[in-house]
Amino acid sequence: MGLLRCPSFESGLPITLFFLVCLQFFWVVNGERNPSMPINHDLYHSSGDLMEEIKSIVRRHPDKLTLDTIKSANKGYRAKVSVVTYCRRMQESNDRSKFRILISFGQHGRELITSELALRIISILSEEQFLPNTDPASLNSTLDNLVIKVVPIENLNGRELVEAGNLCERRNGRGVDLNRNWSVDWGKKEKDYDPYEENPGTAPFSEPETQIMRKLALSFDPHIWINVHSGMEALFTPYDHRNTTPDGVFEKKMRSLLEKLNHLQDHRRCIIGSGGTSVGYLAHGTATDFMYDIAKVPMSFTFEIYGDQKASSRECFKMFNPTDMDTFNRVLDDWATVFFTVFKLGPSQLGEIPSKSLPLNLEKMVSIDEYLEGYLMERSSRYGKKKEVLELGMQEIRTYFRLFLLSSVLLMFMFCSRISKNKCSRPLVSAIPL
C-alpha cells in the first residue's frame, strides 16, 4: 500500500540536488532502471507456480475447497481473478446463516509477500499445514461456521509486470492503481498526489479487476473484509479518504479486535487506526472505504504485513518484501496466526450477526451502466467449463443504448410535431350552410 514519493521542494534541498533526486526517483519508479534487489526465487513462487500449487491443493480437498476464475474485459484490456472458497461442508457454502469473510491479496503487483501469505492460509485451511501451538480440533470447531473466500492475486497483470523486471510496479496491466479505482471519493487529488503511482483510472470501476471484486463483494455479502498489503506493519480501519473514523458501534468493535490482534506477538506492535489518520497521506477511491460505506461490510480492514523502512527507493522489492529466509518465514507464521485469530474472534467480536440479506437494499442496487460494466463477465469453473460468456464491448453497448434512447425521443418529438401540424393546417368547415 505504501507509496514511493519524491521529496517536496520545501524540504530544503538545494534546487540542483532536488532535481537530481527527483530524476533518480522517476527513473526508479518508471522502471527505466532495474532496482538492485531482484526477486529471490528460492523464497517466492512465480504467479503461475503459486496458482498451480493452489489448484493442486483444491483438487486434493474438494470436500472443503473450490476454485473459480472470473474474467472481464474493457476496451481490449482483459483481466482474470481467481477465488478460493473454503467451507468445511462445501454443500453448505451458500448457507446465508454462516459467517462470511472475504480477503484479497496482491492488489498491488510489487507486494509478492501478500500472495505467499494467501498460499499459507489456504494450506492451513486444507489441513496440509498446521498452525503451531494450535489444537486442530479447536480450530475445526471455529471453522465449522465460516465461509471464507480468498483472492490470492487480485492484480495478476501487474504481478506479471513485476516478474518481468519492473519491480516497482504497483498498478495493473494498463497503469491504473486498483486501490484508487473504487467509487468512494474517487478521483480526488491531494497536494502530494503522484499521477504515476496513484492513477485512479478514467472513472470508478473502469478496470476489469475492480469490476470483478465489486461483483464478488456484493454477491457474497461478507461480514468481514480484509485487504492485505505490504509496505509497513499496520492494522487499519476506515477511512482512507479522510482523517476521521466512522461513527457508531462497528468502529469500536473493529478497534477492539485490532487491539487483541496486536498483542499476539510481544516483539511486534503494529500501527492501529484509520488509514487516513495513520498512514501519513489520504487515499481516495479505496476498496476498504467502499466495503464499509457502500457494501456495508460491518468490519472492514486493511492489513499491512511487512515493510522495510530502511530500504532505499532503488530497492523496491526489499521495501515491500522480506528477502531472507528467517524474516520470510516469520512474516508468514506471525500473520497466519493473526488471520486465524480473526477467524476465531471475528464472529464473537461482531456479536449478533446483522441481517445482510434484506430484500431491498438501496445501497446495493446497480444502475444500467454498473450492470453492463461490472456484471456481464466471463466465468469459468476450476474444471474449465464456462458458465457465462458475454464477450461484449461495454462502452459500445452503453453508447448504443444511449443513442437508442435519444433516437426514440427524437422520433416521438417528430411524431407529435407532425400531429400538431396536421391539426393546425386542417381547413375549417363552417357550421352555417351557405
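Not measured: the values here are computed from a predicted model. (Residues numbered from 1 in each chain as written. Predicted model: local features only at pLDDT ≥ 70, side-chain atom pairs only at ≥ 80, totals over all residues. Heavy atoms only, no water.)

**Student:** Got a minute to help me understand the overall build of the chain in this structure?
**Tutor:** Within the chain one finds 13 helices and 10 strands. Per-residue burial for the chain yields a buried fraction of 51% across its 434 residues. When the accessible surface of the chain is split by element, carbon and sulfur atoms take 56% of a total near 20,400 Å². (Helix = DSSP H or I, 4+ residues; strand = E, 2+ residues; numbered from the N terminus. Buried < 20%, exposed > 50% of the residue type's maximum accessible area, 1.4 Å probe, protein only. Areas by Shrake-Rupley, 256 points an atom, 1.4 Å probe, with all protein chains shown as cover.)

**Student:** Explain the state of the cysteines here, please?
**Tutor:** Tallied over the entire structure, the rule returns one disulfide. Two residues share a disulfide in this structure: C168 and C316, whose sulfurs sit 1.9 Å from each other. With the S-S bond torsion at 90°, the cross-link from C168 to C316 turns out right-handed. In this pair, C168 is assigned in the loop between helix 5 (156-163) and helix 6 (208-220) and C316 in helix 10 (residues 316-320), connecting sequence segments 148 residues apart. (Disulfide = S-S within 2.5 Å.)

**Student:** What should I look at first to understand the packing of aromatic side chains in this one?
**Tutor:** Here the distance between the centres and the angle between the planes together describe a pair of aromatic rings. Scanning the entire structure with this criterion turns up 11 aromatic pairs. Centre to centre, the rings of W182 and F205 are 5.5 Å apart; their planes meet at 75°, and the pair counts as edge-to-face. Of this pair, W182 sits in the loop between helix 5 and helix 6 while F205 sits in the loop between helix 5 and helix 6, placing them 23 residues apart in sequence. As far as the burial class goes, W182 and F205 line up, both buried. Clustering of aromatic rings is evident, with ring pairs tying together F105, F301, F303, W335 and F339. Sitting above the plane of the Y196 ring, R171 keeps its charged end 3.7 Å from the centroid. (Phe/Tyr/Trp six-rings, centres within 6.5 Å; stacked < 30°, edge-to-face > 60°. Lys NZ or Arg CZ within 6 Å of the ring centre and 35° of its normal.)

**Student:** Help me understand unusual backbone geometry in this model?
**Tutor:** Excluding glycine, residues mostly have negative phi values, and the peptide bonds linking residues are mostly trans. Here the residue pair P238 and Y239 is connected by a cis peptide bond, since its omega of 10° sits within 30 degrees of zero. Of note, Y239 is situated in the loop between strand 6 (232-237) and helix 7 (249-262). Even without glycine at this site, E127 takes up a positive phi of about 70°. Assignment of secondary structure puts E127 in the loop between helix 3 (112-125) and helix 4 (136-143).

**Student:** Please clarify how the side chain of D177 should be interpreted in this entry.
**Tutor:** Relative to the helices and strands, D177 is located in the loop between helix 5 and helix 6. Residue class for D177 comes out buried when judged on its relative accessible area of 0%. A distance of 2.8 Å separates the side chain of D177 from the side chain of H108, its partner in a polar contact. At 2.5 Å, the side chain of D177 and the side chain of R170 are in polar contact. If near-sequence neighbours (up to four positions away) are discounted, D177 is found in contact with H108, R170, R171, E197, E198 and N199. (Polar contact = N/O pair within 3.5 Å; in protein donor to acceptor, adjacent residues only side chain to side chain. Contact = heavy atoms within 4.5 Å.)

**Student:** Explain the environment of M51 to me, please; I cannot follow it from the model alone.
**Tutor:** The topology assignment puts M51 in helix 2 (residues 47-60). Remark: the alpha-carbon pair of M51 and L119, spanning 68 residues in sequence, is separated by 8.7 Å. Leaving out residues up to four positions away in the same chain, M51 has contacts with S82, P152 and I153.

**Student:** Would you mind showing me how to read empty space enclosed by the protein here?
**Tutor:** Where empty space is left can be seen by rolling a probe of water-molecule size over the atoms. All told, the structure shown has two cavities of 30 Å³ or more when counted by the stated rule. Taken as a whole, the largest cavity holds about 100 Å³ of empty space. Forming the boundary of the largest cavity are R180, G187, K188, K189, E190, D192, Y193, E198, P200, L282, A283 and H284. For the lining of the largest cavity, the class distribution of residues is four nonpolar, two polar and six charged. The calculated volume of the second largest cavity comes to roughly 70 Å³. If you go around the second largest cavity, the residues you meet are Y86, I124, L125, E127, Q129, F130, L131, P136, L139, N140 and L143. (1 Å grid on protein atoms, 1.4 Å probe; cavity = no way out; pocket = protein on both sides within 12 Å on 5 of 7 lines; lining within 4 Å. Points joined across faces, edges and corners; volume = space filled by probe spheres on them. Nonpolar A, V, L, I, M, F, W, Y, C, P; charged D, E, K, R; others polar.)

**Student:** Is there a simple way to explain the pattern of salt bridges in this structure?
**Tutor:** Two side chains carrying opposite charge are able to pair once their charged atoms lie near each other. One pass over the structure, following the stated rule, counts 17 salt bridges. In this structure, E197 and R110 form a salt bridge, with 3.1 Å as the shortest nitrogen-oxygen distance. Highlighted residues: E197 in the loop between helix 5 and helix 6 and R110 in the loop between strand 3 (99-104) and helix 3, separated in sequence by 87 residues. Accessibility classification places E197 together with R110 in one group, the buried group. One salt bridge connects D177 with R170, and the closest N-O pair in it is separated by 2.5 Å. The network of salt bridges with shared partners includes K64, R88, R89, E127 and D144. (Salt bridge = Lys/Arg side-chain N within 4 Å of Asp/Glu carboxyl O.)

**Student:** What should I look at first to understand the packing of helix 4 against helix 11 (residues 325-350) in this one?
**Tutor:** Where helix 4 meets helix 11, the axes come as close as 9 Å, and the angle between the chain directions of the two elements is 60°. The orientation of helix 4 with respect to helix 11, classified from their angle, is oblique. Considering how the two elements wind past one another, helix 4 and helix 11 form a crossing that is left-handed. Contacts between helix 4 and helix 11 involve L139, T142 and L143 from the first element and F340, F343 and K344 from the second. A class-by-class count of the residues in the contact of helix 4 with helix 11 yields four nonpolar, one polar and one charged. (Axes fitted to C-alpha atoms, helices over the stretch in contact; angles between N-to-C directions. Parallel < 35°, antiparallel > 145°, perpendicular 65-115°, else oblique. Left-handed = near helix turned anticlockwise from the far one by under 90°.)

These values are about where atoms sit, not about what they do.
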